[in-house]
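If you want the building blocks of each chain, they are given just below.
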There are 2 protein chains.
Amino acid sequence: MNIYDISEKAGVSIATVSRVLNGSSRVSPKTREHVLAVMAEQGYVPNAFARGLGLKSMKTIGLLCPNAGDPYLALAITYLERAFRANGYDCLLSCTGKARSDRVKGVELLLSKLVDGMVLMGSTFLEANESGNKYLQNAAKRVPLVMLNAAYACENVYCVVCDDYRATMEATQSLLDSGRKNILYLYHSRNASGQKKLAGYQAGLQSRGLPIRDDLIHFFAEDKMSVPAVRDFLLSLAHQGLTFDAVLSSEDILSVGAAKYARVSRRSVPESLSIIGYNNSSFALCCEPELTSVDNKLEVLCNACVSTMLSVLSGKDAPQKTVYHAELVKRGSTL
Amino acid sequence: MNIYDISEKAGVSIATVSRVLNGSSRVSPKTREHVLAVMAEQGYVPNAFARGLGLKSMKTIGLLCPNAGDPYLALAITYLERAFRANGYDCLLSCTGKARSDRVKGVELLLSKLVDGMVLMGSTFLEANESGNKYLQNAAKRVPLVMLNAAYACENVYCVVCDDYRATMEATQSLLDSGRKNILYLYHSRNASGQKKLAGYQAGLQSRGLPIRDDLIHFFAEDKMSVPAVRDFLLSLAHQGLTFDAVLSSEDILSVGAAKYARVSRRSVPESLSIIGYNNSSFALCCEPELTSVDNKLEVLCNACVSTMLSVLSGKDAPQKTVYHAELVKRGSTL
DNA sequence: TTGTACGCGTTATCAC
DNA sequence: GTGATAACGCGTACAA
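Conventions adopted
Residues numbered from 1 in each chain as written. Chains lettered and ligands numbered in written order. Predicted model: local features only at pLDDT ≥ 70, side-chain atom pairs only at ≥ 80, totals over all residues. Heavy atoms only, no water. Phe/Tyr/Trp six-rings, centres within 6.5 Å; stacked < 30°, edge-to-face > 60°. Helix = DSSP H or I, 4+ residues; strand = E, 2+ residues; numbered from the N terminus. Buried < 20%, exposed > 50% of the residue type's maximum accessible area, 1.4 Å probe, protein only. Lys NZ or Arg CZ within 6 Å of the ring centre and 35° of its normal. Salt bridge = Lys/Arg side-chain N within 4 Å of Asp/Glu carboxyl O. Near = heavy atom within 4 Å. Nonpolar A, V, L, I, M, F, W, Y, C, P; charged D, E, K, R; others polar. Polar contact = N/O pair within 3.5 Å; in protein donor to acceptor, adjacent residues only side chain to side chain. Pairing = 2+ DSSP bridges. Axes fitted to C-alpha atoms, helices over the stretch in contact; angles between N-to-C directions. Contact = heavy atoms within 4.5 Å. Expected span 1.5 Å × (residues − 1). 1 Å grid on protein atoms, 1.4 Å probe; cavity = no way out; pocket = protein on both sides within 12 Å on 5 of 7 lines; lining within 4 Å. Points joined across faces, edges and corners; volume = space filled by probe spheres on them. Least-squares fit on C-alpha atoms with pLDDT ≥ 70 in both. Core = buried A, V, L, I, M, F, W, Y, C linked by side-chain atoms within 4.5 Å. Domains from an automatic or database assignment. Buried area = accessible area lost by both parts, 1.4 Å probe.

### Some points on the packing of aromatic side chains
Within this structure, the stated rule accounts for twelve aromatic pairs over all chains. Ring geometry for Y185 of chain A and Y201 of chain A: centres 4.8 Å apart, planes at 15°, overall stacked. Of this pair, Y185 of chain A sits in strand 6 (residues 183-187) while Y201 of chain A sits in helix 9 (residues 192-207), and the two are 16 residues apart along the sequence. Of the two residues examined, Y185 of chain A and Y201 of chain A, each falls in the buried class. The interplanar angle of 40° and the centroid separation of 5.6 Å between the aromatic rings of F244 of chain B and Y261 of chain B together place this pair among those described as tilted. With F244 of chain B in the loop between helix 10 (227-239) and strand 8 (246-249) and Y261 of chain B in helix 11 (residues 252-264), the pair connects residues that are 17 residues apart, well separated along the chain. Each member of the pair, F244 of chain B as well as Y261 of chain B, carries the same accessibility label: buried. Linked through ring pairs, Y185, Y187, Y201 and F219 of chain A together constitute an aromatic cluster. Here R190 of chain A stacks its cationic end above the ring of F219 of chain A, 3.6 Å away from the centre of that ring.

### Quick notes on the pattern of salt bridges
Taken as a whole and assessed by the stated rule, the structure comprises 32 salt bridges over all chains. A salt bridge links D177 of chain A to R208 of chain A, with the nearest nitrogen and oxygen atoms 2.9 Å apart. In this pair, D177 of chain A is assigned in helix 8 (residues 164-177) and R208 of chain A in the loop between helix 9 and strand 7 (217-219), connecting sequence segments 31 residues apart. On the basis of relative accessibility, which here comes to 52%, the residue D177 of chain A falls in the exposed class. The residue K98 of chain B makes a salt bridge to E222 of chain B at a minimum N-O spacing of 3.7 Å. Of the two residues, K98 of chain B is situated in the loop between strand 2 (90-95) and helix 6 (100-112) and E222 of chain B in the loop between strand 7 (217-219) and helix 10; the sequence distance between them amounts to 124 residues. Given a relative accessible area of 48%, E222 of chain B falls into the partly exposed group.

### Observations regarding the protein's contact with DNA strand C
Around DNA strand C lies a shell of 28 residues, among which S13 and R19 of chain A together with I3, S18 and Y44 of chain B are the nearest. When the atoms of DNA strand C within 4 Å of the protein are grouped by moiety, sugar and phosphate amount to 62% of the total. Where the surface near DNA strand C is concerned, the elements lending two or more residues are helix 2 (14-21) of chain A together with helix 1 (3-10), helix 2 (14-21) and helix 4 (48-55) of chain B. Among the residues forming the surface near DNA strand C, the class breakdown is 15 nonpolar, nine polar and four charged.

### Details of the protein's contact with DNA strand D
Neighbouring DNA strand D are 28 residues, the closest being I3, Y44 and R51 of chain A together with T16 and R19 of chain B. Counting only atoms of DNA strand D within 4 Å of the protein, the fraction found in sugar and phosphate groups is 66%. Note that a phosphate oxygen of DNA strand D is positioned 3.1 Å from one of the side-chain N or O atoms of S18 of chain A. Contact between DNA strand D and T16 of chain B: a phosphate oxygen at 2.7 Å from a side-chain N or O atom of the residue. Those elements that place two or more of their residues in the surface near DNA strand D are helix 1 (3-10), helix 2 and helix 4 (48-55) of chain A together with helix 2 of chain B. Partitioned by chemical class, the residues of the surface near DNA strand D number 15 nonpolar, nine polar and four charged.

### Observations regarding the sheet that holds strand 10 (residues 292-295) of chain A
All names here are of chain A. With mixed pairing, six strands are arranged side by side in an open sheet as 7-6-8-9-10-12. On the outer flanks of this sheet lie strand 7 and strand 12 (327-329), each paired with one strand and no other. Averaged over all pairs of adjacent strands, the angle between their axes in this sheet comes to 20°, without regard to strand direction. In terms of strand pairing, strand 6 meets strand 7 through three bridges, oriented parallel. Paired with Y187 across the bridge in strand 7 is F219. Seen against the sheet, helix 8 touches strand 6, strand 8 (246-249), strand 9 (274-278), strand 10 and strand 12 and runs at an angle of roughly 170° to strand 9. Across the face of the sheet, helix 11 (residues 252-264) comes into contact with strand 6, strand 8, strand 9 and strand 10 while running at roughly 160° to strand 9.

### Brief notes about helix 11 of chain A
All names here are of chain A. Taking 1.5 Å per residue as the helical rise, helix 11 with its 13 residues ought to reach 18 Å, and the 18 Å between its terminal C-alpha atoms agrees with that figure. Extensive coverage of helix 11 is indicated by the burial of eleven of its 13 residues. Listing the buried residues of helix 11 in full gives D252, I253, L254, S255, V256, G257, A258, A259, K260, Y261 and A262. Residues of helix 11 that are buried make contact with strand 6, helix 10 (227-239), strand 8, strand 9 and strand 10. Downstream of helix 11 by a residue or two, R266 has a phi angle that is positive, lying close to 55°.

### Looking at empty space enclosed by the protein
Taking a probe equal in size to a water molecule and rolling it over the atoms shows the remaining empty space. All told, the structure shown has two cavities of 30 Å³ or more when counted by the stated rule. As a volume, the largest cavity reaches approximately 120 Å³. Around the largest cavity, the lining residues are F49, M58, T60, L92, K113 and L114 of chain A together with F49, M58, T60, L92 and K113 of chain B. Broken down by class, the residue content of the lining of the largest cavity amounts to seven nonpolar, two polar and two charged. Roughly 80 Å³ of internal volume is contained in the second largest cavity. What lines the second largest cavity is a set of 13 residues, and nearest its centre among them are R263 and C286 of chain A together with R263, C286 and C287 of chain B. Of all the secondary structure elements, the ones that give two or more residues to the lining of the second largest cavity are helix 11 of chain A together with helix 11 of chain B. Grouping the constituent residues of the lining of the second largest cavity by class yields eight nonpolar, no polar and five charged.

### Here's the deal with the relation of the copies chain A and chain B
Taken as rigid bodies, chain A and chain B are interconverted by a rotation of 180° and an axial shift of 0.0 Å, the fit giving an RMSD of 0.1 Å. When the rotation and shift are considered jointly, the pair of chain copies conforms to a two-fold rotation axis.

### What about the nonpolar core?
Judged by nonpolar contacts, the single largest core of 152 residues is most densely connected at F84 of chain A together with F84 of chain B. Not counting chain neighbours up to four residues away, the residues in contact with F84 of chain B comprise I61, L63, Y89, C91, V119, V306 and M309 of chain B. One finds L145 of chain A together with L136, A150 and Y152 of chain B within the second-largest nonpolar core, a separate group that totals 46 residues.

### Considering the domain arrangement of chain A
Domain parsing of chain A yields domain 1 (1-46), domain 2 (53-162 + 299-326) and domain 3 (164-296). Centre-to-centre separation of domain 1 of chain A and domain 2 of chain A, based on C-alpha positions: 36 Å.

### Some details on the interface of chain A and chain B
Chain A puts 46 residues into the contact, and the matching count from chain B is 46 residues. Buried area between chain A and chain B, both sides added, is near 4,000 Å², and the carbon and sulfur share of it is 65%. Its largest share of buried area at the contact with chain B, chain A owes to F49, L93 and K113 of chain A, together 17% of the area lost on that side. The tally of links between chain A and chain B comes to ten salt bridges. E288 of chain A is the salt-bridge partner of R231 of chain B, the closest N and O atoms lying 3.6 Å from each other. Taken together, the connections running from chain A to chain B amount to 18 residue pairs in polar contact (both at pLDDT 80 or more). Looking at the side of chain A that touches chain B, the elements that each hand over two or more residues are helix 4, helix 5 (71-86), strand 2 (90-95), helix 6 (100-112), helix 10 and helix 11 of chain A. Counted by class, the side of chain A that touches chain B contains 25 nonpolar, ten polar and eleven charged residues. When strand 2 of chain A meets strand 2 of chain B, the two strands line up antiparallel, connected through three bridges. From the neighbouring strand, L92 of chain A faces strand 2 of chain B, where its bridge partner is L92 of chain B.

Structure (structure tokens):
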């Protein structure tokens, strides 16, 4: 069942059928009705490949993420997909993993599928050295790129970020201003966003005249980022004699580990230990008391990604960079 | 840069270029080398739409899920996408929500994009009445359907499920055999899978000669399925005088709520209250003690979905239904 | 307002 | 082995 069959059964040319199909202007209401009736009767659906061939687009967006199993990124996928779909675009998903070669391959694969644009989720896709981002520059020559939570200045690359630096700085200041002296900082990623968060923590300390102490800053590799692992690690830290009265982390799950440490070692939260998480996820609600957490407005960011992309695709100009401010959601784990 | 350009620069016909491209049969090693060299030099990538038009396939699988924000489904997406990609297929994601009309639309939209097959995640896509599943039957006439965690007997529909019934039955028996008398059952979904779990719980009770008590069975709507909400609900139940010494749930997060209830009301786990969750997710590790949980082997199920789909697509015959057995992972929340 | 004819970039079927 | 050439199904100038 193709456009020729319809044109024949309807007694018109394929051009007319095509016009009806594309809601195009000049078709007499009468023939339009008739053609539509025939199409409905025959259950006709235009061939997407042929259409794509002609239009050079199948209205598809590539979604790249290092790992869709991460609840945070999973949420982002939901938000992005929903918004794109509402605007007539489908999403091709590509979970590349973090290995550089796989990420590059993922980008190329999506390009080879002729997506209209790509959204790159998280700053994992950014390399420290400029030459490492050559693959992004090349991709941007073919389709618009929108980066979520990553900042990269480049032609045809648009960035939507939350101000992680300011967020952790303010969280740190909030802890200090409530009387805390020794804030443990736990983080799980050294990518650009992870570095910003760390820098914000350090800036927060310095803004109150406190030194940056390496013994209060700890990194967790991905496979070590489980609640029990963090709990045990903090237990060992305390056992070694390290003193701390607050924990700030780059991920709620790390802070849940801290809460667990507190319970096991009978330290009361928030009286003896303040805890702040990041992402304001369901995990923040798992603890007793519930965790104060930085809400980085994921849904807002995602919607901004989509509307930016749509603007670019429709030829309108869009902001190269959009920055939102995170919000500290205060709950029972802080004074 | 298309196949004509390459053929011209290489001094061969497009037929030969096409043969080289498809690793196809009889091409002299010499010309093959030459053509490959020209393609590499020109950075030629064949047009996916044109290829799709000819082959009637773009090697794309449609992934349908009611809600990718659900960590469980998010994980499933990761597993499925990874396995399909490893086999040369891309995934078109469609998060439809649970409304019936949207689900039907989602299926139709993927069909209109000419996917090679579809994976439907969760039994949300199954209706109770047979006529409600007409849309699945129709879809199955066009492409193979694989259902994850849903059983539906129909031509060209393949199902991969975990035996939820047996899983909750065994979990229930395990609780009873450890001396528990009054098991609270909390669930969050009334779809086919949710009904199986509930039935398993009931069967477990009856297998030990206990009655099914409606006052011990409670449903949580999606928006009520948060840790604090469950905690508060259990507090109110206890306040009303209901006695229970164990909680079994259809979702880890519900059980986390139960753990929180226990802490707030100073009931010790597992001495005074046993708790079992479902899915064996990260949430099960958030509590102190960690939760015993039913591991329904999601990754195994997903891989089975993919290999089933690949078999069908390659013309081999595949099992109409594949059933796996869940495993009760015992942790500190049970005796 | 409607129809004709060509282009889009491949794959596949023939001949040679 | 290799090369013409016809599909594949649709969009769209251009003509009528």
